[in-house]
Each structure stands twice: as structure tokens, then as C-alpha cells.
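Architecture and fold: a report
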Amino acid sequence: MSDMDGVARLDRRRAGIIGVLALLSALATGHLLAGFVGANSSPMVAVGNATIDLTPSWLKEFAIRAFGTADKLVLLLGMSAVLLVLAVAAGLLSRSRPASGVALIAVLTAVGVVAVLGRSDLGQFALLAPLASGVVGAMVFTSLHRRALSDAEEGTEPSGSPRRRFLVHSLSVAAGAGAVAATGQWLTSGNPESARRAIGPLAPATRTPTALAGADFAADGTPTLITPNADFYRIDTALVVPEVDLADWRLRVHGMVERPLTFTYDQLRARPLVERTITMTCVSNEVGGPYISTAEFVGVDLRELLLDAGVDPSAEQLFSTSVDGFTAGSPLPVVLEEDRGALLALGMNGEPLPIEHGFPVRIVVPGLYGYVSATKWLTDIEVTSWDARQGYWIPRGWAREAPIKTHSRIDAPSRGTEVDAGRVVVAGTAWAPHTGIRRVEVRLDDGPWRRAELAREVGIDTWRMWRSAFTVEPGEHVVTCRATDATGHTQTPVRRPVAPDGATGWHEVRFTAS
Ligand SMILES: Nc1nc2c(c(=O)[nH]1)N[C@H]1C(S)=C(S)[C@@H](COP(=O)(O)O)O[C@H]1N2
Ligand SMILES: [Mo]
């Protein structure tokens, strides 16, 4: 096809398709290289992770609220849409000459390079992934462009129509990209799961078997006391779960200590293991929200390990770092409390830590929100001052110290459901980790507060289930609950948002009886 001044031009459709094929080839190449130099250097992953780190807190909160644990999928879909538009644009801008498209590829490559440079867990070799993406993207783009353009100039020719040739080319490039990407996927996944399975039982030396009988009212709609691993909430900044090679993994304990220590997995595992049932929750949990779970963790007593290292009495912060660069700072006096039970967890509910929950080792500190304590994929502990270091979320506007707030939640009836009028059991959970729940009260409509029946207390570090039966007339109703902890503090009705240190307010549920 030629325009009036005789310059050959591609038709729009082909130009767009060429842009998309170049994009697919580029991403596939980067993904393949990432199989050798680190999964997080794959262009989509690197840029996605950088986007997560740069996302303002309000937007991140919105994403967690709107999409829950699917927020990462939504991010990847959004990025794919943007890239697709850019790829088509690159094609359309280059209908006669490939230069503008190549320039756009160069810009995208630079974005990938910057994203990889920003990661602490990737070495310089990781730059190969975005660079190779860019080179292959540009090569595929120019070569498809040249062929399509010469077809367009020739018009018709004996050996098959140009349209057909373009189709065959496009399909083979797409198939090649698919194969390359699949190889990269195969290389980047799978190894830690087999290492994890080979670990065998992590048997605690001291075991206080948690008698679970009577500890929940699951039949009335409360959660079970122990959350199965598959249902345990998950919150982290990792687009791709870090896959730790046990043979290379080390835990360093250093900073303001007399004796810096380094542990291999086997050395850590050889220390006396303890088992503790602990409820964890996220500061981003809204009133009534789902980001709370409980597990039986097995691991090494963190206080004893720190005493072995000899902590400088003037130190203030336990600053922990994940293999993926995430950091958290916990108040050292809390971690060192004799009865706190801070743990380097190796196991969860009878198996080694699941990969999403921090394999091989994470921190768990009863009573502190996860972002200031519960570093997953742990590799470094630095004993330091508050001034020297700031955990990941602190410069993003969250509080430096964040004990878990006393809360309660109604699980049954669930919001908007219809129940039979008459006897209705309202049931839920309440928590004041490391303090304990003294009382839960429930109110139907504008009626008086009524004390709920509490399930058996397993320990002060776990949530407490409750229930209360009401006689309910047909119509619309609202139930409200509030908890009082062992210090005598009752939840405030004042509604405050999750930032900077956790939401407050009473949970209300509306339902209809008929
Ligand atoms: N490496 C790493 N550890 C992390 C996080 C993270 O983003 N990266 N998030 C923290 C937060 S905010 C919470 S609430 C808990 C959640 O732990 P879970 O996903 O096992 O429930 O992990 C903490 N540890
Ligand atoms: Mo969190």
C-alpha cells in the first residue's frame, strides 16, 4: 500500500499486530532470561513490583479493599492492558518506518532496567533480562516490519498471497514467544516446593498440646480456632513469591550485639523447637474484615537467640529483612519480654512454612501487627536504633509502633442474609492478642447490650469465639458487637480508618428476618 507521495505504508491492522508480536517476543525473552538470573527480573514482574513499591498508600488500601488478595492479579491485568495499548500504538506510529516503534521499545526497556536496578535481591546479571527483552523486541519489530513492508510494495506475487505469508509469520512468532515464555516459567518455578517437602517433621521439644475442643462455635458460624494453611490470609508486596534455595539460605543476626551470629537452616532447626498458637492480623484489616487468622507455629524462641547474640541494652529496634528486600522494625523491648513468645517460625500447622507464608523462616510476634513484626522469607536481623533504620511501611505513612487493637467481628448472620424469624444465634470472634478477651457484648437494634457466651480460652495470644441467641421479629435488623480486653479496655465506637495504626469502631451487620 502506498500513499500519495509514493512512500510505502503498512495498513493499520498489520502495523498494530506487529507491535503486539514484538511485545510478546520481548516479554517472553525476558521471562526466559529470568529463569537464569532470578524470577523477579522478568520484565512484567520487575515493573509490577516497582509499581507496588511506588503506589501511594491510599491507592494500595483501595486495592486491598476492592480486590482483596486478587489485588496482584488486577495489577498484572492492568499492566497487560497498558502494554497492549502501547504495543499497538508503537505499530501505528511506525507504518512507514520502524523508528518510532523502536524508540518506544527503548523507553520500555529503560523502565525495565530501572525496575531491576531498584531491587536489592537481584544482582547485576539480572539486567540481562530487560536488556535482552529490548533487543529481541526491537529485532522482531524491525524484521516483521521490513517483511510486511516489502510484501506491501510487491502487491501480489506467485508464491502465495502476502496476506497468507503475514499470517504464517505472525503465528510462528507468537508460537515461538509462547514456547520461550513457557521455558522461562518452567525454569523459574517449582524447586523450593520439593525442598520444602524433603524437610520432614519439625518436632517441638516442648509441646503444650492445644486442646481445641470447645474453643470455637464453628457450628454457629464462627471461624475454627485454627485456620487451615490454605485459608490463612495472605498480605505481602511480593508479586512473585520468593523462592529460597535452602542450601544458600543464611540468617544473619548482627548490629548492636556482642556476638554476631549466622545460621544455616539446619543449625536453626537444631535449636530447641517450641510450638505456639498465635493469631496474626494485618493493620489493613477494616472493621469486620477478613485479614486475621490463627495457626500453630513451630520455631525457635527469638528472645533466647537474641540473648545468645548478646543485645546491647541501649538498642531499640529489631530490624528484619526479607530475601525480597521487604523490611520491618519491631520494638526490641517487646521482642525481649520474657513471656512475649516471639518466634522465628519454621513450621505452621504441622508442616514446614508454606512458601506464601515465608518459607523457610519468618518472624511472628504475638500482639503486633504483621507489618512491624512478621517478616516472611527472613534472611537478616539487625539490632539497631529507631533512628538508624525505617521499616518498609514507615516512610509510607504507617505508625512506627503498632500493637494490635482489641476488636470483635460478627460472622453470623452474615451481611445481607435472610434468616428465619424467631431464635437467631449471633456468633463471631474477638481478639486482643497478648492481652486476652474478658468480655464480648452484643446488641440487637436499639436494645440493651447483652453479654455473649465466650468459647474456651486457648491462650491470650489467640482469638476468642463468642455467641449469643436472640429472639428476632420479622423485618430488618442490625446487630452490633464490642469487646472488652483483660485490661478492662472496651472498644471505642469511634470509626477510624486503617492508617496509620489500625481501624477502630464497632462492627455492625444488617440482616432480614422473615
Ligand atoms: N517479606 C515480607 N514479609 C511480610 C510482608 C511483606 O510484604 N513481605 N507483609 C507483612 C504484613 S503487612 C503482614 S500482615 C503479614 C502477613 O502474613 P501472612 O501473609 O502470612 O498472613 O506478613 C508481613 N510480612
Ligand atoms: Mo499487614
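See the structure printed just above.
Since this is a predicted model, take the numbers as computed values, not measurements. (Residues numbered from 1 in each chain as written. Chains lettered and ligands numbered in written order. Predicted model: local features only at pLDDT ≥ 70, side-chain atom pairs only at ≥ 80, totals over all residues. Heavy atoms only, no water.)

**Some details on the packing of helix α2 (residues 43-54) against helix α4 (residues 71-93)**
At a closest axis distance of 11 Å, the pairing of α2 and α4 adopts a crossing angle of 115°. Taken as axis vectors, α2 and α4 run roughly perpendicular relative to one another. The interaxial crossing formed by α2 with α4 has right-handed handedness. In this structure, α2 contributes Met44, Val47, Gly48, Thr51 and Ile52 to the contact, and α4 contributes Leu75, Leu76, Met79, Ser80 and Leu83. (Axes fitted to C-alpha atoms, helices over the stretch in contact; angles between N-to-C directions. Helix = DSSP H or I, 4+ residues; strand = E, 2+ residues; numbered from the N terminus. Parallel < 35°, antiparallel > 145°, perpendicular 65-115°, else oblique. Left-handed = near helix turned anticlockwise from the far one by under 90°. Contact = heavy atoms within 4.5 Å.)

**Side note on the site of ligand 1**
The environment of ligand 1 is formed by 19 residues, the closest being Tyr233, Thr237, His357, Arg362 and Lys376. Interatomic distance of 3.0 Å between a backbone N/O atom of Ile235 and an oxygen atom of ligand 1. Looking at side-chain class alone, the shell around ligand 1 contains nine nonpolar, five polar and five charged residues. (Near = heavy atom within 4 Å. Polar contact = N/O pair within 3.5 Å; in protein donor to acceptor, adjacent residues only side chain to side chain. Nonpolar A, V, L, I, M, F, W, Y, C, P; charged D, E, K, R; others polar.)

**Re the pairing of strand β19 (residues 507-513)**
Of the two faces of β19, only the one carrying His507, Val509, Phe511 and Ala513 is buried; Glu508, Arg510 and Thr512 on the other face are not. One ladder, built from two bridges, connects strand β12 (residues 418-419) with β19; its direction is parallel. In the sheet register, Glu418 faces β19, and the bridge partner there is Thr512. (Buried < 20%, exposed > 50% of the residue type's maximum accessible area, 1.4 Å probe, protein only. Pairing = 2+ DSSP bridges.)

**Considerations on the environment of Gly35**
Topologically, Gly35 is positioned in helix α1 (residues 12-37). Separated by 146 residues in sequence, Gly35 and Ala181 have C-alpha atoms that sit 9.7 Å apart. Not counting residues up to four positions away in its chain, the partners in contact with Gly35 are Gly184, Leu187 and Thr188.

**Thoughts on unusual backbone geometry**
Between Ala412 and Pro413 the backbone carries a cis peptide bond, its omega angle lying at -5°. For Pro413, the location among the structural elements is in the loop between β11 (407-412) and β12. The residue after Ala499, namely Pro500, is reached through a cis peptide bond having omega 5°. Among the secondary structure elements, Pro500 is positioned in the loop between β18 (475-485) and β19. Positive phi is not limited to glycine here, since Asn349 has a value of about 50°. Here Asn349 lies in the loop between β7 (343-348) and β8 (351-352).

**Quick notes on the pattern of salt bridges**
Going through the model one piece at a time under the given rule, you end up with 20 salt bridges. Its salt-bridge partner being Asp236, residue Arg234 comes within 2.7 Å of it at the nearest N-O pair. For Glu258, the salt bridge identified is with Arg259, shortest N-O distance 3.3 Å. The exposure class of Glu258 is exposed, given its relative accessible area of 61%. Ionic contacts of the salt-bridge type, sharing partners, join the residues Lys72, Arg234, Asp236 and Lys376 into one network. (Salt bridge = Lys/Arg side-chain N within 4 Å of Asp/Glu carboxyl O.)

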